[in-house]
Amino acid sequence: MVFSSLEFVFLFLPFFMIAYGFSPFKYKNAVIFLGSLIFYSFGVFSTPIYILLFAITILFNFLIAQLIEEFRKSRRLWLALGLVFNFGWLVFFKYTGFIFENVNSLFGGLSLPMKEIILPIGISFYTFQNVSYILDVYRKKTAAETSFINYGAYISMFPQLIAGPIVTYDTVAKQLRSRSHSLKKINEGLKIFTIGLGSKVLIANQIGGLWTDISSIGFESISTRLAWMGVVAYSFQIYFDFCGYSLMAIGLGKIMGFALPQNFDHPYTSVTMTEFWRRWHITLGSWFREYVYIPLGGNRGGTKTTVRNLLVVWLLTGLWHGASWNFVLWGFLLFVILVIEKFAIGKFLNKFRPVGHLYMIFLIPLTWLIFAVTDFSQLGIYFSRLFPVFADKATVVFKEDYIKYWDIYRNFFIAGAIFSTKLPQMIYKKIKNTAFGAIVLLAIFWASVYCMYKGMNDPFLYFRF
Amino acid sequence: MSNVKRYLYTFLLIVTCVIASPLIFKQIWETSKDKAEPAKSNAEIQSSVQTTTTSETTGTSSYEETTTTTAPPEPVLEFQSSSASYFDDALFIGDSRTVGISEYGNLQNADYFCNTGMSVYNLFSANENVKSLGTSTNLEDLLNKNQYGKIYLMLGINELGYDFEATMAKYAETVGFIREKQPDAILYVQANLHVTKSRSDSDAIYSNANIDRFNQRISELADGKEVFYIDINEVFDDGYGNLAAEYTSDNAHVYAKYYVDWSNWLCTKTIVK
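This report concerns the structure included in the present document. (Residues numbered from 1 in each chain as written. Chains lettered and ligands numbered in written order. Predicted model: local features only at pLDDT ≥ 70, side-chain atom pairs only at ≥ 80, totals over all residues. Heavy atoms only, no water.)

### A word on the side chain of asparagine 187 of chain A
Mapped onto the secondary structure, asparagine 187 of chain A falls in helix α9 (residues 183-217). Apart from residues no more than four positions distant in its own chain, asparagine 187 of chain A is found in contact with Arg6, Tyr7 and Thr10 of chain B. (Helix = DSSP H or I, 4+ residues; strand = E, 2+ residues; numbered from the N terminus. Contact = heavy atoms within 4.5 Å.)

The following block contains the structure:
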């Protein structure tokens, strides 16, 4: 079930909120756990066994953490078991096809079966949460959770289950035991949810139409101007989609009394890629820093080690986003850019911010292009459209195509640009408790519902994670 | 007072949601029904469409051809190949596929009256820019002003969600209108392009069973003398009555570069009196 669907907003959410609101505090986490399992079951409708797997995963990690804490001598064994279990499932579901594909092509004779495995939704996210928990218990950063219901509520919490933010256990441990509920929080949460909904439905889903149009036309047939419009549109789509979803998660969490971590902080206002990755998918960056970069030594082992650690983190980050070589390339490219910034141009870009902005305006769409196109030959074709000096592979070009699509998507480009800046948030802070603000939010909500009603729904881009 | 303003949004939200809920629940109910029954309704329609499959190989092309229609009346005139100049006095009427031909095909000499959402239901109220007139016009005015030697009609996809017999009546009415306005023009009634198998299997409305049923009925309007039926699916089908996956990204339209092939195929299906 997608947040931006009529079923969620008008059926699941009201029912859940009523059930949650009327249950006494000691049962609220159980309601979250049960409600989230129901929510999850809608998402794995075609493969109901995945609910069982999900529940077993929660139980397994819950027990492993207790074993780690209880039996200090053999704690390494329990940790290893936990890591193998968690990553084992992730690799199996997400990367088997990729691995077999590559082994097949490497050893021409082999022909390992390429069965289409359906990914349990949210597996990339809940795996990382489970792993962060058992690691934190292992290094005594947190005590093991004693209540299975609490742990279940933490992992399955439907606001963040499918697409993050990646919430570490210690962020919510206290809140699981004691958090306040108030009309103020519900009110605030609904407002944040509305903004997230509008972000996804009114901007992301709409401007996402251009990338779909371009894909339908075929990359070899688009003009250079349209090609550039396409990558910019994609950049807006992925941002407002993901950021919108995170905001909806935070808003829903707030209604349930939780303060979930911020996941996006105006990443498109960055002047360096380094800054960008402190503002984009913040909880993922934190996870990799906490559980990979720092344990490897971070930047405290000299230049060579730092570079090596960065390479590991970014290849893994790329791979986490998808089981395909373009994601590895994407991660690697980001690594190269970050290293160049760290050791050469970073200071300059930070000092001369307009240059930094210009630099990012080119880098952001170009790096997203590598992220967006899985097939390398298609990627090559697209690049040749962006930079026609290198090759002119156009078969047919409708010369006025960019005019046509600018006419269609102009307003969404403008909205995307405006809402990427900090200005709207500044305005929102001023109006959110005024009558005018209420009307604006109401308009956003109903405009979004109208779009969902008309079926202008797109699956969330990060859902295959 | 400020508390009222603070909570105003939540209050208005709940009130408006309660008011709108019957409408919303109805929509949820309808869409979940559609999702549940694509296979069932397709099977029903399939059994009501009589299909004969014949395979022909043409000398000039390497496309795999299957025709899935009841045999249309034997054409008195035979299809011939013509050069692109045949289309100097041609008018194409249609939906997004016709838009594709107008943008990416190589029959730029023809006139086009088309838009992405065109259907028999909005055809007469549509205003489109027509190149030879240099201005926007509706269909009636266009047919009054310009005399065409041949008119191509390709509609149907956007109507699949509506009542079939009502759509058929409207389609026949449209054909009658064009014939009346331009009795000397050859009218080509075009089959609608199939969708891919994956789309067809998962969509109750936009399925090849529905498209075939539609195409079969409109083919019966062809008389082989003034009105002819041509079927692009012989170019792009996968051999099983679906649009072959390699020609498309969105499962319903061919890549732009294939509109050149489409144009070339149209040149091979011309009637010369």
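Read on for the rest.
### Here's the deal with the interface of chain A and chain B
Contacts between the two partners involve 32 residues from chain A and, on the opposite side, 28 residues from chain B. Summing both sides of the interface, chain A and chain B together bury roughly 2900 Å²; the carbon and sulfur share of this comes to 67%. Where chain A touches chain B, the interface holds two salt bridges. The partner of glutamate 220 of chain A in a salt bridge is lysine 257 of chain B, with the nearest N and O atoms 3.9 Å apart. (Buried area = accessible area lost by both parts, 1.4 Å probe. Salt bridge = Lys/Arg side-chain N within 4 Å of Asp/Glu carboxyl O.)

### Focus: the layout of surface pockets
All names here are of chain A. In this structure, the second largest pocket occupies an estimated 1200 Å³ of space. Lining of the second largest pocket is provided by 41 residues; of these, Ile195, Leu247, Pro424, Gln425 and Tyr428 occupy positions nearest its centre. It is α9 that contributes the most residues to the lining of the second largest pocket, eight residues altogether. Of the residues assigned to the lining of the second largest pocket, the class counts are 24 nonpolar, 11 polar and six charged. (1 Å grid on protein atoms, 1.4 Å probe; cavity = no way out; pocket = protein on both sides within 12 Å on 5 of 7 lines; lining within 4 Å. Points joined across faces, edges and corners; volume = space filled by probe spheres on them. Nonpolar A, V, L, I, M, F, W, Y, C, P; charged D, E, K, R; others polar.)

### Some details on helix α10 (residues 224-255) of chain A
Residues and elements named next belong to chain A. Between its terminal C-alpha atoms α10 stretches 47 Å, which fits the 46 Å expected from 32 residues at 1.5 Å a residue. Here α10 lies mainly inside the structure; 26 of its 32 residues are buried. The first or second residue beyond α10 is glycine 257, which carries a positive phi of 90°. (Expected span 1.5 Å × (residues − 1). Buried < 20%, exposed > 50% of the residue type's maximum accessible area, 1.4 Å probe, protein only.)

### Quick look at the pattern of salt bridges
Should the charged atoms of two oppositely charged side chains come close, the side chains can pair. One pass over the structure, following the stated rule, counts 22 salt bridges over all chains. A salt bridge links arginine 279 of chain A to glutamate 275 of chain A; the shortest N-O distance between them is 2.9 Å. Of this pair, arginine 279 of chain A and glutamate 275 of chain A both sit in helix α11 (residues 273-279), four residues apart, roughly one helical turn. No difference in accessibility class separates arginine 279 of chain A from glutamate 275 of chain A, as the two residues are buried. Between glutamate 103 of chain B and lysine 404 of chain A there is a salt bridge, and its shortest N-O distance comes to 2.7 Å. With one member in each of two chains, glutamate 103 of chain B in helix α3 (residues 96-104) and lysine 404 of chain A in helix α17 (residues 401-420) form a pair that bridges those chains.

### Remarks on a nonpolar patch on the surface
Residue and element names in this part refer to chain A. On the surface, a cluster of nonpolar side chains totalling about 340 Å² of accessible area is made up of Leu315, Phe332, Val336, Ile340 and Ile345. If you trace the backbone, isoleucine 340 turns up in helix α14 (residues 325-351). Residue classification places isoleucine 340 among the partly exposed residues on the basis of a relative accessible area of 42%. (Patch = residues over 30% accessible without salt bridge, like charges linked within 9 Å, V, L, I, M, F, W, Y side chains within 5 Å. Areas by Shrake-Rupley, 256 points an atom, 1.4 Å probe, with all protein chains shown as cover.)

### Some points on the state of the cysteines
Residue and element names in this part refer to chain A. Evaluated as defined, the whole model comprises zero disulfides over all chains. Here cysteine 243 stays free of any disulfide, with the sulfur of cysteine 451 as its closest cysteine sulfur at 18 Å. Judged by relative accessible area, cysteine 451 falls into the buried class, the value being 10%. (Disulfide = S-S within 2.5 Å.)

### So, unusual backbone geometry
That bond from glycine 164 of chain A to proline 165 of chain A is cis: its omega, 5°, falls within 30 degrees of zero. With respect to the helices, strands and loops of the structure, proline 165 of chain A is situated in the loop between α7 (158-161) and α8 (169-177). Its identity as a non-glycine residue notwithstanding, lysine 140 of chain A has a phi of 60°, on the positive side. Looking at the secondary structure, you find lysine 140 of chain A in the loop between α5 (123-138) and α6 (148-156). Relative accessible area serves as the criterion here: at 61%, lysine 140 of chain A is assigned to the exposed category. Despite not being glycine, asparagine 251 of chain B has its phi angle at roughly 70°, a positive value. Looking at the secondary structure, you find asparagine 251 of chain B in the loop between α8 (233-236) and α9 (258-268). Under the relative-accessibility criterion, asparagine 251 of chain B is labelled partly exposed at 25%.

Fair warning: the whole summary comes from geometry, so function is off the table for now.
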